[in-house]
Amino acid sequence: YHQQQQQQQPVKLISSRRAMADPAAVVEELKAKGHLETTDVAGYAAVTKASRMIMFTGSKDGSPLTSWCPDCNRSLPVVMSCAQSSGIPVLVVGVGDRDDWKMDARGASNPFRKKDGLALTGVPTLLFMDAKGEELHRLTGEIENERDPAKMKEKIEEVLKKVY
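Residues numbered from 1 in each chain as written. Predicted model: local features only at pLDDT ≥ 70, side-chain atom pairs only at ≥ 80, totals over all residues. Heavy atoms only, no water.

**Regarding the environment of Leu136**
And step 1. By secondary structure assignment, the location of Leu136 is in strand β7 (residues 135–139).
And step 2. With relative accessibility at 37%, the residue Leu136 sits in the partly exposed group.
And step 3. Residues Leu136 and Tyr164, spaced 28 residues apart in sequence, show a C-alpha to C-alpha distance of 9.4 Å.
And step 4. Apart from the residues lying within four places of it in its own chain, the contact partners of Leu136 are Phe128, Met129, Asp130, Val163 and Tyr164. (Helix = DSSP H or I, 4+ residues; strand = E, 2+ residues; numbered from the N terminus. Buried < 20%, exposed > 50% of the residue type's maximum accessible area, 1.4 Å probe, protein only. Contact = heavy atoms within 4.5 Å.)

**Re the side chain of Glu146**
And step 1. Along the chain, Glu146 turns up in the loop between α5 (141–144) and α6 (149–163).
And step 2. There is a polar contact of 3.1 Å between the side chain of Glu146 and the side chain of Lys155.
And step 3. Other than its neighbours up to four places away in sequence, Glu146 contacts Arg74, Gly141, Lys151, Met152 and Lys155. (Polar contact = N/O pair within 3.5 Å; in protein donor to acceptor, adjacent residues only side chain to side chain.)

**Here we look at the environment of Met80**
And step 1. The residue Met80 is located in helix α3 (residues 70–86) in this model.
And step 2. It is 9.7 Å that separates the C-alpha atoms of Met80 and Val92, two residues lying 12 residues apart in sequence.

**Some points on α3**
A turn of α-helix holds 3.6 residues, and therefore any two residues three or four places apart point the same way.
And step 1. The first and last C-alpha atoms of α3 sit 25 Å apart over 17 residues, in line with the 24 Å expected at 1.5 Å per residue.
And step 2. The sharpest bend along α3 measures roughly 25° and falls at Leu76, with the proline Pro77 sitting one to four residues further on.
And step 3. The element α3 is extensively covered by neighbouring structure, given that 12 of its 17 residues are classed as buried.
And step 4. Among the residues making up α3, those that are buried are Asp71, Cys72, Asn73, Ser75, Leu76, Pro77, Val78, Val79, Met80, Ser81, Cys82 and Ala83.
And step 5. Where α3 terminates, the next one or two residues include Gly87, which has phi positive at roughly 80°. (Expected span 1.5 Å × (residues − 1). Bend = angle between axes of the 7 residues up to and from the residue.)

**Digging into the packing of α3 against α6**
And step 1. One way to put it is that α3 packs onto α6 with a least axis distance of 10 Å and a crossing angle of 45°. When the axes of α3 and α6 are compared, the pair comes out oblique. Of the two possible hands of crossing, α3 and α6 adopt the one that is right-handed. Here Arg74, Ser75, Val78, Val79, Ser81, Cys82, Ser85 and Ser86 of α3 come into contact with α6, specifically with Pro149, Met152, Lys153, Ile156, Glu157 and Leu160.
And step 2. Classifying every residue of the contact of α3 with α6 gives 7 nonpolar, 4 polar and 3 charged. (Axes fitted to C-alpha atoms, helices over the stretch in contact; angles between N-to-C directions. Parallel < 35°, antiparallel > 145°, perpendicular 65-115°, else oblique. Left-handed = near helix turned anticlockwise from the far one by under 90°. Nonpolar A, V, L, I, M, F, W, Y, C, P; charged D, E, K, R; others polar.)

**A few points about the sheet that holds β7**
And step 1. Reading across the sheet, the 5 strands line up as β2-β5-β3-β6-β7 and stay open at both edges, with mixed pairing between neighbours. Each end of this open sheet is capped by a strand with a single partner; those strands are β2 (36–39) and β7. Put simply, the sheet's adjacent strands are angled 20° from each other on average, direction ignored.
And step 2. Strand direction decides the pairing type here: β2 and strand β5 (residues 90–94), joined by 4 bridges, are parallel. Each bridged residue has a counterpart across the sheet, and for Glu37 the counterpart in β5 is Leu91.
And step 3. Lying over the sheet, α3 contacts β2, β3 (52–57), β5 and β6 (125–129), oriented at roughly 165° with respect to β3. (Pairing = 2+ DSSP bridges.)

**Observations regarding unusual backbone geometry**
And step 1. Residue Val123 is joined to Pro124 through a cis peptide bond whose omega torsion reads 5°.
And step 2. Its place among the elements puts Pro124 in the loop between α4 (98–101) and β6.

**A look at the packing of aromatic side chains**
And step 1. Considering all chains together, one arrives at 3 aromatic pairs under this definition.
And step 2. Centre to centre, the rings of Phe56 and Phe112 are 5.1 Å apart; their planes meet at 65°, and the pair counts as edge-to-face. With a gap of 56 residues between them, Phe56 in strand β3 and Phe112 in the loop between α4 and β6 connect regions that are remote in the sequence. Accessibility classification places Phe56 together with Phe112 in one group, the buried group.
And step 3. An aromatic cluster of three or more residues is present, and its members are Tyr44, Phe56 and Phe112.
And step 4. A cation sits over an aromatic face here: Arg113 above Trp101, 3.9 Å from the ring centre. (Phe/Tyr/Trp six-rings, centres within 6.5 Å; stacked < 30°, edge-to-face > 60°. Lys NZ or Arg CZ within 6 Å of the ring centre and 35° of its normal.)

The values reported here are purely geometric and, on their own, carry no functional implication.
What follows is the structure, encoded as structure tokens:
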């Protein structure tokens, strides 16, 4: 069971109005426009500061297409859709394998959990950053616990309107 839980699951990109036919095409479009970057725990510190959304997800490499986290699988498509429609760049950061994140394993030592750092308590977490790299707003439980993609998209768009 534990090995099944750790496997990366494919993400299904869904907008609030329709299912996207090709999730990989949306990701490639965002990358081509320079609106999508991905990184892992080690690469996060080297990322240049820019006005953007930063999505922390349950994956090792920051892939917007696969995650071991079911809540991330549900929210990543909505975040990608919001990035696509708003033109706000998004950085997807993988917090590591399941055992690198979950507190019942090695998660307590994950650098993103440290109180003197980002102090993340869960994934997915969506940060809204300014050009100086300062956090403007944070969504955690609001997207983690929302089951309706349309309502989740409304919450994200509301924050986008406030901060950008």
